[in-house]
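Structure assessment
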Amino acid sequence: MTIHDYYGLIFTVLFNTGPVFQIYDIVRHKSSYNVNIVTWACGVIGQIFVLIYLYQLKNNGIFNYINSIIGLILNLTMVVLIIVYRPK
């Protein structure tokens, strides 16, 4: 691995760690009160467009794809949890 690969790995881990804490908090408290669904829905759309962009550029950077796919999964998870745990 080169130094650039390490930068990509560190970015991927740190960038995708944030939503994990929010997911944990929602599940732990069984509430998505004050969590904005539009923010996370925009994240889903953004990740989809990043994947399309990478594909169109024929980008070979594996960390770009890994980061976008993990981000897409986490954003989708957040949207589902917000809906499921929205206060009734």
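Look up a bit, the structure's there.
Residues numbered from 1 in each chain as written. Predicted model: local features only at pLDDT ≥ 70, side-chain atom pairs only at ≥ 80, totals over all residues. Heavy atoms only, no water.

**Considerations on the overall build of the protein**
The test is simple: Secondary structure counts use DSSP, requiring at least four H or I residues in a row for a helix and at least two E residues in a row for a strand, with both numbered from the N terminus. Per-residue accessibility, obtained with a 1.4 Å probe over protein chains only, is compared with the maximum for each type, and a residue is labelled buried under 20%, exposed over 50%, and partly exposed between these values.
When helices and strands are tallied, the protein shows three helices and zero strands. Beginning at the N terminus, the succession of helices and strands in the protein can be written as α-α-α. Along the three orthogonal principal directions, the C-alpha set of the protein runs to about 50 × 25 × 15 Å. When each of the 88 residues of the protein is scored for burial, the buried share is 27%.

**Section: the environment of Val 44**
Put simply, the rule reads: By definition in these notes, contact holds between two residues if any of their heavy atoms fall within 4.5 Å.
If you trace the backbone, Val 44 turns up in helix α2 (residues 37-57). Taking the relative accessible area as the measure of exposure, Val 44 reaches 11% and is therefore buried. Along the primary structure Val 44 and Asn 75 are separated by 31 residues, whereas in three dimensions their C-alpha atoms are 5.5 Å apart. Ignoring anything within four residues of it in the chain, the contact list for Val 44 reads Leu 72, Asn 75, Leu 76 and Val 79.

**Topic: helix α1 (residues 3-29)**
What counts, and what does not: Expected helix span is given by 1.5 Å per residue-to-residue step, counting one fewer step than there are residues. We define the bend at each residue as the angle formed by axes fitted to the 7 residues ending at it and the 7 residues starting at it.
Helix length check: α1 (27 residues) gives 40 Å between terminal C-alpha atoms against 39 Å at 1.5 Å per residue, within 8%. At Thr 17, α1 shows its largest bend, some 30 degrees, and a proline, Pro 19, comes one to four positions later. Of the positions making up α1, those classed as buried are Gly 8, Thr 12, Asn 16, Pro 19, Ile 23 and Ile 26. Looking at the buried positions of α1, the neighbouring elements they touch are α2 and α3 (62-84). Once α1 ends, the next one or two residues include Lys 30, with phi positive near 55 degrees.

**A short note on the packing of aromatic side chains**
Aromatic ring pairs are defined here through the distance separating the ring centres and the angle between the ring planes. Definition in use: Stacked, tilted and edge-to-face pairs are distinguished by plane angle, under 30 degrees for stacked and over 60 for edge-to-face with tilted covering the rest, among Phe, Tyr and Trp rings (Trp via its six-membered ring) whose centres lie within 6.5 Å.
In total, this model carries one aromatic pair according to the counting rule given. Relative to Phe 15, the ring of Phe 11 has its centre 5.2 Å away and its plane inclined at 25 degrees; by these criteria the two rings are stacked. Within this pair, Phe 11 and its partner Phe 15 are both found in helix α1, separated by four residues, close to a single helical turn. Given a relative accessible area of 44%, Phe 11 falls into the partly exposed group. Classification of Phe 15 by relative accessible area gives partly exposed; the value is 42%.

**Considering the packing of α1 against α3**
Each pair of packed helices can be summarised by the angle the axes make with each other and by the distance between the axes. Threshold: Convention adopted: a line fitted to C-alpha atoms gives each axis, helices being fitted over their contacting stretch, and angles between N-to-C directions are expressed from 0 to 180 degrees. An angle counts as roughly parallel when it lies under 35 degrees, as roughly antiparallel when it exceeds 145, as roughly perpendicular when it falls between 65 and 115, and as oblique in every other case. Amino acid classes used here: Ala, Val, Leu, Ile, Met, Phe, Trp, Tyr, Cys and Pro are nonpolar; Asp, Glu, Lys and Arg are charged; the rest, including Gly, are polar.
Contact geometry of α1 with α3 gives a least axis separation of 10 Å together with a crossing angle of 5 degrees. Considered as vectors, α1 and α3 are oriented roughly parallel to each other. Here the residues of the contact of α1 with α3 are counted per class, giving 15 nonpolar, seven polar and one charged.

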